[in-house]
Amino acid sequence: MTCLLLIDFQLDFLPGGSLAVAEGDTILPLLNDLQSRFDLVVATQDWHPAGHRSFASTHPGQELFSEIEWQGLPQRLWPDHCVQGSPGAQLHPSLSLARVEAIFRKGTDPELDSYSAFFDNGHRRATGLTGYLRARGITQVYVAGLATDYCVYFSAKDARSEGFEVAVIEDASRGISAESIAAAKADLLAQGVCFVQASEVLAS
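Note that the structure is a prediction, hence the values are computed from the model and not measured.

## Brief notes about helix H3 (residues 148–161)
- For H3, the tally of buried residues reaches 10 of 14 residues, placing the bulk of the element in the interior.
- Among all positions in H3, only Thr148, Asp149, Tyr150, Cys151, Val152, Tyr153, Ser155, Ala156, Asp158 and Ala159 are buried.
- Buried residues along H3 sit against strand E1 (2–7), strand E4 (73–76), strand E5 (100–106), strand E6 (140–146), strand E7 (165–174) and helix H4 (178–190).
- Count one or two residues on from H3 and you reach Gly163, which has phi positive near 100°.

Below you can see the structure in the form of C-alpha cells.
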C-alpha cells in the first residue's frame, strides 16, 4: 500500500508569501496529477501559533535567517510564517483535496520547531502520522512538496527511520538552495531513500 505525502503546499511558502520557495508554485499540476496513483494521500500544514520561537521577530537583536541554539537544538530564525488561521497558512486553493484523507498540522508547540511530518525537531513529540499510516497498511511513502531541503527532507528521513520504504518525487518538490538540496539528497540516499521523477510514478 502506497501513500503520497504532500508537504506544506501553503501560501506563505509560495511566491508572494512571507517565506517563499522560488518556483514553488510550478509543482502544483504534478501534485494534483500524482494523487490518483496512490492508495492514500495525506497533506501537511505548518501551523504555528503567533509568536512562535522559530520566528526572528521573537528574538530581538538576532538577524533574520541566522542560526541560534534554542531548547538545546539548532534553530534557524525565520520570518513570521504560517501563523494559525492566517491567509498565509492556508493550502493553495488550487491544490486538489478530493483524495486527501487527512491533513496533519505541525509546528504547533510555541517553543519548538517542526520540519518533519512525523516529529518535532527534537523528536520529543510525534504528530501521530506513523500510527495513522500503519493502521492503513501503508508500506511505501512518497514525499513531494516544499521545501526539498527542509520539510521534505526531514519528513522523508523520519519516514525511513520509522520503517517505511521511502521515495522523494524530485521534480514535484522545490527547495531553498542548490547546495542544501544536494546535501539533503546525499544524506537521504545514504539512508536508503530513493529519488524518482513524477513521470515514472505517473507511468506506473
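Additional details are given in the paragraphs that follow.
## Some details on the environment of Cys82
- With respect to the secondary-structure elements, Cys82 resides in the loop between E4 and E5.
- C-alpha of Cys82 to C-alpha of Ser18: the two residues are 64 residues apart in sequence and 8.6 Å apart in space.
- Residues in contact with Cys82, not counting those within four places in the same chain, are Gln10, Asp12, Phe13, Asp46, Trp47, His48, Gly88 and Ala89.

## Here we look at the pattern of salt bridges
- All told, the structure shown has 7 salt bridges when counted by the stated rule.
- Across the pair Lys106 and Asp8 runs a salt bridge whose closest N-O atoms are separated by 2.8 Å. Linking Lys106 in strand E5 with Asp8 in the loop between E1 and helix H1 (28–34), this pair joins segments that are 98 residues apart in sequence.
- Of the residues examined, Lys106 reaches a relative accessible area of 2% and is grouped as buried.
- Under the relative-accessibility criterion, Asp8 is labelled buried at 0%.
- Across the pair Lys106 and Asp46 runs a salt bridge whose closest N-O atoms are separated by 3.2 Å. Highlighted residues: Lys106 in strand E5 and Asp46 in strand E2 (residues 40–46), separated in sequence by 60 residues.

## Quick word on the layout of surface pockets
- Counted as a void, the largest pocket has a volume near 380 Å³.
- The wall of the largest pocket is formed by 19 residues, among which Pro74, Tyr115, Asn121, Tyr153 and Phe154 lie closest to the centre.
- Listed by contribution, the elements that provide at least two residues to the lining of the largest pocket are E4 and H3.
- Considering every element that reaches the lining of the largest pocket, the biggest residue donor is H3, with 6 residues.
- Of the residues belonging to the lining of the largest pocket, the class tally is 7 nonpolar, 6 polar and 6 charged.

## Points about the pairing of strand E3 (residues 67–70)
- In the sheet, E3 pairs with E4 via 4 bridges, with the strands oriented antiparallel. Note that in E4 the partner of Ile68 across the bridge is Gln75.
- Adjacent in sequence and paired antiparallel, E3 and E4 are bridged by 2 residues, among which Gln71 carries a positive phi angle near 55°.

## Thoughts on the UniProt feature "domain: Isochorismatase-like" (unreviewed entry) in the chain
- Those residues carrying the UniProt feature "domain: Isochorismatase-like" (unreviewed entry) are residues 2–189 in this numbering.
- For residues 2–189, the helix share is 21%, the strand share is 24%, and the end-to-end C-alpha distance is 20 Å.

## Some thoughts on the pairing of E2
- Of all the 7 residues making up E2, 7 are buried; the element is thus mostly covered by neighbouring parts of the structure.
- Neither face of E2 is left uncovered, since the one carrying Leu40, Val42, Thr44 and Asp46 and the one carrying Val41, Ala43 and Gln45 both have all their residues buried.
- As defined by bridge partners, E1 adjoins E2 across 4 bridges and the pair is classed as parallel. Within E2, the residue paired with Leu4 across the bridge is Val41.

## A few points about unusual backbone geometry
- Cis peptide bonds are those with omega within 30 degrees of zero, and the linkage from Leu146 to Ala147 qualifies with -10°.
- The residue Ala147 is located in the loop between E6 and H3 in this model.
- Even without glycine at this site, Cys82 takes up a positive phi of about 50°.

Cut-offs applied
For every chain, the first residue of the written sequence is number 1, and numbering continues from 1 along that sequence. Reporting of local features is limited, given that this is a predicted model, to residues whose pLDDT is at least 70; pairs of side-chain atoms are given and counted only at 80 or more, and all residues count toward the totals for whole chains, interfaces and linings. Just so you know, side-chain values use all the structure's heavy atoms and leave hydrogens and water out. Buried means the residue's accessible area, taken with a 1.4 Å probe over protein chains only, is under 20% of the maximum for its type, while exposed means over 50%, and partly exposed covers the values in between. Counting from the N terminus, the helices are the DSSP runs of H or I reaching at least four residues and the strands are the DSSP runs of E reaching at least two. Any two residues whose heavy atoms approach within 4.5 Å are treated as being in contact. Throughout this description, the term salt bridge denotes a Lys or Arg side-chain nitrogen within 4 Å of a carboxyl oxygen of Asp or Glu. Points on a 1 Å grid over protein atoms alone make up a cavity when a 1.4 Å probe fits among them but cannot get out, and a pocket when they form an open set with protein on both sides within 12 Å along at least five of seven lines; lining residues each have an atom within 4 Å of a point. Grid points are joined across faces, edges and corners, and a volume is the space filled by probe spheres set on the points. Residues are grouped as follows: Ala, Val, Leu, Ile, Met, Phe, Trp, Tyr, Cys and Pro are nonpolar; Asp, Glu, Lys and Arg are charged; all remaining types, including Gly, are polar. Strand pairing requires that DSSP identify at least two bridges connecting the strands. UniProt positions are given in the numbering used here, feature names are shortened, and annotations may be inferred rather than shown by experiment.

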